[in-house]
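Residues per chain, in single letters:
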Amino acid sequence: MSSNDTKHVQTELNEEEYERFREFAEEHGLSLKEASHEALIEWVERQQQADPNDAAFTVLDDLDDSSLPRTAQTDAREEDDLVDEWHGNDESFVLAEDPSSDS
């Protein structure tokens, strides 16, 4: 990699931070430059990962079964699919309109 292909990043550390970083790099057989590079790359990769605590991943856990209507609609396209899987008593249910028929 030529020097034209690289960019430089600079930061400041207080004495305690610098010593912790220097010791860590030394323990891992890395120069400060190598350790800084690895730390930055690791930080960026970690920031780009999905957060499992994001509401998009936990919304189903947050739903209370008792808050769902007793006669919830379904978007099943074939009533036969429901009949084949139905093993309960004669509860009423309503099939949702097929969204593909809205033209």
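Residues numbered from 1 in each chain as written. Predicted model: local features only at pLDDT ≥ 70, side-chain atom pairs only at ≥ 80, totals over all residues. Heavy atoms only, no water.

Undergrad: Can you break down the overall build of the protein residue by residue, with the values?
TA: The helix and strand inventory of the protein stands at four helices and zero strands. When burial is assessed residue by residue, the protein has 3% of its 103 residues classed as buried. The long-range fraction of contacts in the protein, counting pairs at least 24 apart against all pairs at least 6 apart in sequence, stands at 3%. Surface exposure of the protein reaches about 10000 Å², of which carbon and sulfur atoms provide 48%. (Helix = DSSP H or I, 4+ residues; strand = E, 2+ residues; numbered from the N terminus. Buried < 20%, exposed > 50% of the residue type's maximum accessible area, 1.4 Å probe, protein only. Contact = heavy atoms within 4.5 Å. Areas by Shrake-Rupley, 256 points an atom, 1.4 Å probe, with all protein chains shown as cover.)

Undergrad: Account for the environment of Ala 25, naming residues and giving values.
TA: Secondary-structure assignment places Ala 25 in helix 1 (residues 15-27). Classification of Ala 25 by relative accessible area gives buried; the value is 1%. In sequence terms Ala 25 and Ser 36 are 11 residues apart; their C-alpha atoms lie 8.6 Å from each other. Ignoring anything within four residues of it in the chain, the contact list for Ala 25 reads Leu 30, Ser 31, Leu 32 and Ala 35.

Undergrad: Could you give an account of the confidence of the model for the protein, naming the residues involved and the relevant values?
TA: For the protein, per-residue confidence averages 77 on the pLDDT scale, and 58% of positions sit at 70 or higher. Across the protein, element-level confidence peaks in helix 1 with a mean pLDDT of 96 and bottoms out in helix 4 (residues 79-85) with 59. (pLDDT = per-residue confidence, 0-100.)

Undergrad: Now, about the pattern of salt bridges: what can you tell me, with residues and values included?
TA: Considering all chains together, one arrives at three salt bridges under this definition. Arg 22 is the partner of Glu 19 in a salt bridge, and the nearest nitrogen-oxygen pair spans 2.8 Å. Placement of the pair is Glu 19 and Arg 22 together in helix 1, with a separation of three residues, close to one helical turn. Take Glu 19: its relative accessible area is 26%, and that puts it in the partly exposed class. (Salt bridge = Lys/Arg side-chain N within 4 Å of Asp/Glu carboxyl O.)

Undergrad: Could you give me a rundown of helix 1, with the residues and numbers involved?
TA: The end-to-end C-alpha distance of helix 1, which contains 13 residues, comes to 18 Å, matching closely the 18 Å that a straight helix rising 1.5 Å per residue would cover. In the segment just after helix 1, Gly 29 is the residue with positive phi, at about 65°. (Expected span 1.5 Å × (residues − 1).)

Undergrad: Describe in detail a nonpolar patch on the surface, supporting the description with residues and values.
TA: Judged by side-chain polarity, Leu 13, Tyr 18 and Leu 32 come together as a nonpolar surface patch covering roughly 240 Å² of accessible area. The residue Leu 13 is located in the segment before helix 1 in this model. The class of Leu 13 is partly exposed, set by a relative accessible area of 43%. (Patch = residues over 30% accessible without salt bridge, like charges linked within 9 Å, V, L, I, M, F, W, Y side chains within 5 Å.)

Undergrad: So what's going on with the packing of helix 1 against helix 2 (residues 32-48)? Residues and values would help.
TA: Across the interface, helix 1 lies against helix 2 with an axial gap of 9 Å and an inter-helix angle of 100°. As far as their axial angle goes, helix 2 and helix 1 are roughly perpendicular. Seen from helix 1, the contacting residues are Tyr 18, Phe 21, Arg 22 and Ala 25; seen from helix 2, they are Leu 32, Ala 35 and Ser 36. Split by residue class, the contact of helix 1 with helix 2 holds five nonpolar, one polar and one charged. (Axes fitted to C-alpha atoms, helices over the stretch in contact; angles between N-to-C directions. Parallel < 35°, antiparallel > 145°, perpendicular 65-115°, else oblique. Nonpolar A, V, L, I, M, F, W, Y, C, P; charged D, E, K, R; others polar.)

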